[in-house]
Amino acid sequence: MPTCFGMMANSGTIMTYPTMPAIIRFDQVTVTVRDKTILSGISFTLRLGEKAVLCGKSGSGKSTVLKTLLGLQGLTGGSIFFQEKPLDAVTIQAVRRQTAYIGQEPVLGADTVRDALLLPFQFKAHRGHKPTDGQLKAVLAQLHLPAAILDQESGRISGGEKQRVALARGLLLGKNLYLLDEVTSALDSESKQAVFAVFADPKLTVLSVAHDPEWLERCDRVLALEEGRLTQEACHGHA
Amino acid sequence: MDTLDIALPQMAVLYGLCLAPWLLLWLIGLRLSRDIVISILRMGVQLALVGFYLKTLFSLNEPWLNALWILVMLAVADLSILQRAGLKLRFFVLPTFIAIALSTLFATFYLVVLVIQPPHFYDARYIVPLAGMILGNCLQGNVIALERFYSTLRKNEQEYMTFLLLGATRWEAVRPYYRVAVKAAVSPSIASMSTMGLVSLPGMMTGQILGGSEPWVAVKYQIAIMICIFTSTTLACVINLKLSLRNAFNAYDVLKDEVMELRK
């Protein structure tokens, strides 16, 4: 029986989130691309530590929700707030600093897995915080990846391994907001458990897109989308 | 020694040489007669006009007229670069103009003022043909740089966005594509310098020798022009790409959809 990612109090009951600060707030967000409505008046709030999943048919607008938050897709109407500040050219930098986005086929952007993990530490924002080899191996082990993968070509590893390497990179950067697109779809049972264990951390906030029933079961909230509209919002264990 | 002029009957004989390739192309089934005739006519008319302009320009030798001529060349080069690179004028016309103007004028005046040192630095006989040659080559380099940069960036948009999400600034995220584009743009002029005189005799040197110059003088001018072409092409590409970044991205560092012309 899967357990929820949600914050567990000592008694074993799930704590509720309304007292936690809001990390993301969508307020009547609408996105129209070439006269086609992709998102229509979406509103929801995601609080610190919460794990939410967006589900719905293909084309229902799930991935667009993630893209709007990263500034990759402009809004036609409504607003997005990050830590209660409206998303603009300045706050987007804060969003990107704190967020890890892991898509179905992540781009690692370097020749070897080691280079991919160290890539962000070449940038001014992270220079001087380069992790040691020991730290790299520890984070890989946490995600059920062997240390030998460090020297493998990043183009030759499987989709599931790529996703976990991308996740490892987020952990090394100390990101606390994770936008995940079908992150467990290509994983075996053991690797999946390792990923679940990572997100059991109450400090990590997750907004995901998934169809995996096990993942859905573990998330605190399920946001169901249909043709760009939020049709249902269910809270596991909070009802 | 003066160059032998080519009289009009001899010019007619020269055009007769085109009959051989035209016949060959026709025999192998390529129907290019119309294109060949139009191209040859255009070449004749355009060069006749340039000859007329240059003759007037050289005889008047007015600084403002020379400056105006260079300005016209820069404007035409600017439009031509963007058209050939498939980029929208409204985003790139100004950065491209600034980049090619700065680099061409810098290289031309460096050569004229510090190296050749004619009695007047604005002497049309020097600045007009030299600026033209430098600009012509600079144009090729900028077409390659802009086209390569924006097409590679568009092709690798996901990778670029990954860099941004990993904490890169816009400049840090585009740098890999920037380097590739600048290298592609300056490589032809580096390769050209390394094979100069071995693969072919350069056009300017040949022209000077035919014009009656001493081979050593022609060689020195050729070296001078090659160095100026390399310098101006590199400067223009580096500046142009850097300046273009301001207009090509939105406030969220996403490459605007509308910067590239739709290719037919």
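Conventions adopted
- Residues numbered from 1 in each chain as written.
- Chains lettered and ligands numbered in written order.
- Predicted model: local features only at pLDDT ≥ 70, side-chain atom pairs only at ≥ 80, totals over all residues.
- Pairing = 2+ DSSP bridges.
- Helix = DSSP H or I, 4+ residues; strand = E, 2+ residues; numbered from the N terminus.
- Contact = placed C-beta atoms within 7 Å.
- Nonpolar A, V, L, I, M, F, W, Y, C, P; charged D, E, K, R; others polar.
- Buried ≥ 20, exposed ≤ 12 C-beta atoms within 10 Å, placed from the backbone.
- Domains from an automatic or database assignment.
- pLDDT = per-residue confidence, 0-100.
- Expected span 1.5 Å × (residues − 1).
- Axes fitted to C-alpha atoms, helices over the stretch in contact; angles between N-to-C directions.
- Parallel < 35°, antiparallel > 145°, perpendicular 65-115°, else oblique.
- Left-handed = near helix turned anticlockwise from the far one by under 90°.
- Core = buried A, V, L, I, M, F, W, Y, C linked by C-beta atoms within 7 Å.

A few words now on the pairing of strand β2 (residues 36–47) of chain A. Residue and element names in this part refer to chain A. One ladder, built from 8 bridges, connects strand β1 (residues 22–33) with β2; its direction is antiparallel. Bridge pairing links Val 29 to Ile 42 in β2. Between the antiparallel neighbours β1 and β2 lie 2 residues, among them Arg 34 with a positive phi of about 45 degrees.

Now for the sheet that holds β1 of chain A. Two orientations exist for strands paired in a sheet by backbone hydrogen bonds: parallel and antiparallel. Pairing in this open sheet of 4 strands is antiparallel, and the strands run β2-β1-β4-β5 (chain A) from one edge to the other. Both edges of this open sheet fall to β2 and β5 (85–86) of chain A, since each of them pairs with a single strand only.

Contacts between the two partners involve 15 residues from chain B and, on the opposite side, 17 residues from chain A. Split into classes, the residues belonging to the side of chain B that touches chain A amount to 9 nonpolar, 4 polar and 2 charged.

Right, let's talk about the pairing of strand β6 (residues 99–102) of chain A for a bit. Each regular strand carries side chains that alternate between the two faces of the sheet. All names here are of chain A. Here β6 shows no split at all, with Thr 99 and Tyr 101 on one side and Ala 100 and Ile 102 on the other all buried. Inspection of the sheet shows β6 paired to strand β7 (residues 177–181) by 4 bridges, in the parallel sense. Residue pairing across strands places Ala 100 opposite Tyr 178, the latter belonging to β7.

Before going further, it helps to spend a moment on the environment of Gln 158 of chain B. Residue and element names in this part refer to chain B. By the element assignment, Gln 158 lies in helix α7 (residues 157–165). By the C-beta count within 10 Å, which is 12 here, Gln 158 ends up exposed. Sequence-wise, Gln 158 and Ser 103 are 55 residues apart; in three dimensions their C-alpha atoms are separated by 33 Å.

So, on to the domain arrangement of chain B. Residues and elements named next belong to chain B. Taken domain by domain, chain B holds domain 1 (6–60) and domain 2 (62–259). Taking the mean C-alpha position of each, domain 1 and domain 2 sit 29 Å from one another. Contact with domain 1, which involves 4 residues of that partner, is made by 7 residues of domain 2. Residue classes in the side of domain 1 that touches domain 2 are distributed as 4 nonpolar, no polar and no charged.

This part takes up the confidence of the model for chain B. All names here are of chain B. Of all residues in chain B, 98% have pLDDT values of 70 or greater, and the mean over the chain is 92. For chain B, per-element mean pLDDT is lowest for helix α9 (residues 203–210), which scores 85, and highest for helix α5 (residues 89–116), which scores 96. For this predicted complex, the interface confidence score (ipTM) comes to 0.85, while the overall pTM stands at 0.83.

Residues and elements named next belong to chain A. Helix length check: helix α5 (residues 159–172), at 14 residues, gives a terminal C-alpha distance of 20 Å against a target of 20 Å (1.5 Å per residue), a fit within 8%. Counting buried positions along α5 yields 12 of 14 residues, so the element is predominantly enclosed. Of all the positions in α5, only Glu 161, Lys 162, Gln 163, Arg 164, Val 165, Ala 166, Leu 167, Ala 168, Arg 169, Gly 170, Leu 171 and Leu 172 are classed as buried. The inward-facing, buried residues of α5 contact β6, α3 (113–118), α4 (133–142), β7 and α6 (189–198). Of the residues trailing α5, Gly 174 is marked for its positive phi of about 70 degrees.

Further remarks concern the packing of α5 of chain B against helix α10 (residues 215–248) of chain B. Residue and element names in this part refer to chain B. Packing of α5 against α10 leaves a shortest axis separation of 8 Å and a crossing angle of 155 degrees. Judged by the inter-axis angle, α5 sits roughly antiparallel to α10. As for how α5 packs across α10, the hand of that crossing is right-handed. Broken down by class, the residue content of the contact of α5 with α10 amounts to 18 nonpolar, 8 polar and no charged.

This part covers the nonpolar core. Counting 114 residues, the largest nonpolar core has Ala 145 and Phe 149 of chain B as its most contacted members. In contact with Ala 145 of chain B, other than residues within four places in its own chain, are Ala 181, Val 182, Ala 185, Cys 237, Asn 240 and Leu 241 of chain B.

All names here are of chain B. The interhelical angle for the contact between helix α4 (residues 63–85) and α5, taken along N-to-C directions, is 130 degrees, at an axis separation of 9 Å. Classified by the angle their axes make, α4 and α5 are oblique. Pair α4 / α5 crosses with right-handed handedness. Residue-level contacts link Leu 74, Ala 77, Asp 78, Ile 81 and Leu 82 of α4 to Leu 89, Phe 92, Val 93, Thr 96, Phe 97, Ile 100, Ala 101 and Thr 104 of α5. Residues belonging to the contact of α4 with α5 are distributed by class as follows: 10 nonpolar, 2 polar and 1 charged.

Another aspect to go through is unusual backbone geometry. Positive phi outside glycine occurs at Glu 84 of chain A, with the angle close to 70 degrees. Looking at where Glu 84 of chain A falls in the secondary structure, it is placed in the loop between β4 (77–82) and β5. Look at Asn 61 of chain B: it is not a glycine, yet its phi comes out positive at around 50 degrees. Residue position: Asn 61 of chain B is located in the loop between α3 (33–60) and α4.

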